[in-house]
Amino acid sequence: MSILSVKNLEKKFGDLTVLKDISFDINDGEIISIIGSSGSGKSTLLRCMNQLETITSGTITIDGKTLVETKNGAPVYAGKDILKEILMETGFVFQNFNLFPHYSVLRNVMEAPVCVAGVPKKQAEEKARELLKKLGLEKKADAYPCELSGGQQQRVAIVRALAMSPSILFFDEPTSALDPELTGEILSVIRLLAEDHMTMVIVTHEMQFAQAVSDRVIFMADGVIVEEGTPDELFLHPQKERTKQFLSHYAD
Ligand code: ADP
Ligand code: MG
């Protein structure tokens, strides 16, 4: 079953077209990596899924609900209630963690379930503690973000996203603000989620990781999908010159 379907998505900032005719589907339980140089439109694409940007035209459907479709050339967004439902089903993990600095770890994790989804506090706390334990953070429940390492902060951000039981989780370069020795700790968490068959879209520069963990890989350049395929197809037998060129920067 398709959890995310994007059709002919176009996004302009003024005269600048940053996403052109983007179409792809993600099935339940699939793990997709998106790779591509800086400025190719990866973050903008994710921000369109997260309702942080409005699209110029195209269709986005998440878990059977139409987020936006295009009628007579103009994007038509779903009503407020549907938009909220969709937002609650999509989890996001950003490069810079984006935790609330003045909230404890536990409160960071409980905030959305209690205040957005209306989950009773006790139930939200139980789930939060369970998830913190799963990600090895049970002793940090009362700590504040500034008392944690970057890797721990990012794990809290992942727990916070999971606390809403999303049907799909988006990561935008989750390790690029981390020292190399902390990167591994986040990649293992993503591997753990992969074992649980969490549906994930991961924008990353960690090519070996993308190759190992993904079901499919999408390569973007200048706002278009240049090539997509299985990790073997894309990394070992790229078809397009641009893909070969991009990957050559990562060859050792
Ligand atoms: P990536 O994540 O692949 O590095 P981005 O999605 O951040 O790429 O950016 C794609 C293009 O869109 C870039 O040319 C960037 O400068 C432009 N862009 C991103 N956000 C904005 C914005 N708010 N206003 C104008 N241009 C933007
Ligand atoms: Mg980006």
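Up top is the structure these notes are about.
Residues numbered from 1 in each chain as written. Chains lettered and ligands numbered in written order. Predicted model: local features only at pLDDT ≥ 70, side-chain atom pairs only at ≥ 80, totals over all residues. Heavy atoms only, no water.

### Description of the overall build of the protein chain
Turning to step 1, where the next piece is worked out: Scanning the protein chain from N- to C-terminus turns up nine helices and eleven strands.
Turning to step 2, where the next piece is worked out: Dimensions of the protein chain along its principal axes, counting C-alpha atoms only, are 50 × 50 × 35 Å.
Turning to step 3, where the next piece is worked out: The 252 residues of the protein chain split such that 51% are buried.
Turning to step 4, where the next piece is worked out: Contacts in the protein chain between residues far apart in sequence, at least 24 positions, make up 62% of those at least 6 positions apart.
Turning to step 5, where the next piece is worked out: With an accessible surface of roughly 12,100 Å², the protein chain has 49% of that area assigned to carbon and sulfur atoms.
Turning to step 6, where the next piece is worked out: The average position of the 26 basic charges and that of the 35 acidic charges among the side chains of the protein chain differ by 5 Å. (Helix = DSSP H or I, 4+ residues; strand = E, 2+ residues; numbered from the N terminus. Buried < 20%, exposed > 50% of the residue type's maximum accessible area, 1.4 Å probe, protein only. Contact = heavy atoms within 4.5 Å. Areas by Shrake-Rupley, 256 points an atom, 1.4 Å probe, with all protein chains shown as cover. Lys, Arg positive; Asp, Glu negative; His and termini not counted. Charge placed at Lys NZ, Arg CZ, Asp CG, Glu CD.)

### What to know about the sheet that holds strand S11 (residues 224-229)
Backbone-to-backbone hydrogen bonds join strands into a sheet, with any given pair of strands oriented parallel or antiparallel.
Turning to step 1, where the next piece is worked out: Pairing in this open sheet of six strands is mixed, and the strands run S7-S8-S9-S3-S10-S11 from one edge to the other. Two strands close off the open sheet at either side, each with one partner strand: strand S7 (90-93) and S11. Neighbour-to-neighbour, the strand axes of the sheet open up by a mean angle of 20°, direction not taken into account. (Pairing = 2+ DSSP bridges. Axes fitted to C-alpha atoms, helices over the stretch in contact; angles between N-to-C directions.)

### Focus: the packing of aromatic side chains
Turning to step 1, where the next piece is worked out: One pass over the structure, following the stated rule, counts five aromatic pairs.
Turning to step 2, where the next piece is worked out: Taking the centre distance of 4.7 Å and the plane angle of 10° together, the rings of Phe92 and Phe170 count as stacked. With Phe92 in strand S7 and Phe170 in strand S8 (residues 168-172), the pair connects residues that are 78 residues apart, well separated along the chain.
Turning to step 3, where the next piece is worked out: The buried category is assigned to Phe92, whose relative accessible area is 13%. (Phe/Tyr/Trp six-rings, centres within 6.5 Å; stacked < 30°, edge-to-face > 60°.)

### Thoughts on the side chain of Ser5
Turning to step 1, where the next piece is worked out: If you trace the backbone, Ser5 turns up in strand S1 (residues 2-13).
Turning to step 2, where the next piece is worked out: Here Ser5 falls in the buried class, since its relative accessible area comes to 8%.
Turning to step 3, where the next piece is worked out: Of note is the side chain of Ser5, whose polar atom sits 3.2 Å from the side chain of Asp25.
Turning to step 4, where the next piece is worked out: Excluding residues within four positions of it along the chain, Ser5 makes contact with Phe24, Asp25, Thr59, Ile60 and Thr61. (Polar contact = N/O pair within 3.5 Å; in protein donor to acceptor, adjacent residues only side chain to side chain.)

### Let's talk about the site of ligand 1
Turning to step 1, where the next piece is worked out: Looking at ligand 1, the residues that line it are Phe13, Val18, Ser37, Ser38, Gly39, Ser40, Gly41, Lys42, Ser43 and Thr44.
Turning to step 2, where the next piece is worked out: The contact in question runs from an oxygen atom of ligand 1 to an N or O atom on the side chain of Lys42, over 2.7 Å.
Turning to step 3, where the next piece is worked out: Ser43 has a polar side-chain atom sitting 2.9 Å from an oxygen atom of ligand 1.
Turning to step 4, where the next piece is worked out: Surface burial for ligand 1 is 59%, taken as the share of its 560 Å² of free accessible area covered by protein chains.
Turning to step 5, where the next piece is worked out: When residues of the shell around ligand 1 are assigned to their parent elements, the largest contribution, three residues, is made by helix H1 (residues 42-49).
Turning to step 6, where the next piece is worked out: Among the residues forming the shell around ligand 1, the class breakdown is two nonpolar, seven polar and one charged. (Near = heavy atom within 4 Å. Nonpolar A, V, L, I, M, F, W, Y, C, P; charged D, E, K, R; others polar.)

### Notes on the layout of surface pockets
Turning to step 1, where the next piece is worked out: The calculated volume of the largest pocket comes to roughly 560 Å³.
Turning to step 2, where the next piece is worked out: Lining the largest pocket are 20 residues, and of these Leu87, Thr90, Phe92, Ala112 and Met164 lie nearest its centre.
Turning to step 3, where the next piece is worked out: Those elements giving two or more residues to the lining of the largest pocket turn out to be helix H2 (80-89), S7, helix H3 (105-115) and helix H5 (150-162).
Turning to step 4, where the next piece is worked out: Classifying every residue of the lining of the largest pocket by side-chain character gives twelve nonpolar, five polar and three charged. (1 Å grid on protein atoms, 1.4 Å probe; cavity = no way out; pocket = protein on both sides within 12 Å on 5 of 7 lines; lining within 4 Å. Points joined across faces, edges and corners; volume = space filled by probe spheres on them.)

### Remarks on the sheet that holds strand S4 (residues 57-62)
Turning to step 1, where the next piece is worked out: Taken together, the five strands give an open sheet; going across it, the order is S2-S1-S4-S5-S6, and neighbouring strands pair in antiparallel fashion. For this open sheet the edge positions go to strand S2 (16-27) and strand S6 (74-77), each flanked by a neighbour on one side alone. For this sheet, the mean inter-axis angle between neighbouring strands, taken without regard to orientation, is 15°.
Turning to step 2, where the next piece is worked out: Relative to S4, S1 runs antiparallel, the two sharing five bridges. Residue pairing across strands places Val6 opposite Ile60, the latter belonging to S4.
Turning to step 3, where the next piece is worked out: Most of the contacts of H1 go to S1, to which it runs at about 120°, and overall it touches S1, S2, S4 and strand S5 (65-71).
Turning to step 4, where the next piece is worked out: Contacts from H2 reach S4, S5 and S6, with the element oriented near 125° to S5.

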